[in-house]
Amino acid sequence: MNSFSDPFAVSLLDGLAQHLGQNSAGILLMPAQGADQDELVRRTAGIPLDAVVFPLGGYVSSALLEHLRHRRIPLVGTGYPEADDVLHLRMDERGAARAIAQHLYDLGHRDVALI
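Residues numbered from 1 in each chain as written. Predicted model: local features only at pLDDT ≥ 70, side-chain atom pairs only at ≥ 80, totals over all residues. Heavy atoms only, no water.

Moving on: a nonpolar patch on the surface. A surface patch of nonpolar side chains, about 360 Å² in accessible area, is lined by Phe4, Val10, Ile27 and Leu29. Within the secondary structure, Val10 is located in helix α1 (residues 7-22). (Patch = residues over 30% accessible without salt bridge, like charges linked within 9 Å, V, L, I, M, F, W, Y side chains within 5 Å. Areas by Shrake-Rupley, 256 points an atom, 1.4 Å probe, with all protein chains shown as cover. Salt bridge = Lys/Arg side-chain N within 4 Å of Asp/Glu carboxyl O. Helix = DSSP H or I, 4+ residues; strand = E, 2+ residues; numbered from the N terminus.)

The next thing to look at is the nonpolar core. Leu40, Val41, Val52, Phe54, Leu64, Leu65, Leu68, Ile73, Leu75, Ala83 and Val86 together form the largest nonpolar core, which totals 11 residues. Of all the elements in the fold, those that place two or more residues in this core are α2 (37-44), β1 (52-54) and α3 (63-70). Sequence-distant contacts of Val86, that is, excluding residues within four places in its chain, are made with Leu75, Val76, Gly77 and Pro81. (Core = buried A, V, L, I, M, F, W, Y, C linked by side-chain atoms within 4.5 Å. Buried < 20%, exposed > 50% of the residue type's maximum accessible area, 1.4 Å probe, protein only. Contact = heavy atoms within 4.5 Å.)

Attention now goes to the environment of Leu40. Checked against the element boundaries, Leu40 lands in helix α2. For Leu40 and His67, which are 27 residues apart along the polypeptide, the C-alpha to C-alpha distance reads 9.6 Å. Other than its neighbours up to four places away in sequence, Leu40 contacts Met30, Pro31, Ala35 and Leu64.

Proximity of charged atoms lets side chains of opposite charge pair with each other. For the coordinates displayed, the defined rule picks out four salt bridges. Taking the shortest distance from any N to any O, the salt bridge between Arg69 and Glu66 comes out at 2.6 Å. With Arg69 and Glu66 both in helix α3, this residue pair falls three residues apart, about one helical turn. For the salt bridge of Asp85 with Arg69, the shortest nitrogen-to-oxygen distance reads 2.4 Å. Separated by 16 residues along the polypeptide, Asp85 in the loop between β2 (75-77) and β3 (86-88) and Arg69 in helix α3 bring together distant segments of the chain.

Spanning 16 residues, α1 covers 23 Å between terminal C-alpha atoms, matching the ideal 22 Å at 1.5 Å per step. Residue Ser24 follows α1 closely and has a positive phi angle near 55 degrees. (Expected span 1.5 Å × (residues − 1).)

The next point concerns the sheet that holds β1. The strand order across the open sheet built from three strands is β1-β2-β3, with neighbouring strands paired in parallel fashion. Looking at strand neighbours, the two that pair on one side only are β1 and β3, the edges of this open sheet. Going across the sheet, the axis of each strand differs from the next one's by a mean of 25 degrees, ignoring polarity. Two elements, β2 and β3, share three bridges in a ladder whose sense is parallel. (Pairing = 2+ DSSP bridges. Axes fitted to C-alpha atoms, helices over the stretch in contact; angles between N-to-C directions.)

And the structure:
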């Protein structure tokens, strides 16, 4: 799991933890990929969960996902798992890039690099 070395992931997890903390809720971090799915099902079976967030991806289909669906736990993602019963929160990245480019152009910048 490289989530703690990825600045984007750290920011996302920090924002999620701050918001949940303001609402007297906790956060439980679990690996979604590369983990023994049956073990994750066993570990989560007795834990009361209000919702599950897949902020950085997740399997399209897995034993854990099926277990959470069976428990009727609300699922939220940012693109994955790609399923009808997962609420997805997405940003208009193309529109944001267009707005950034227009802003830089309006400031007079003509040689711009995107990294």
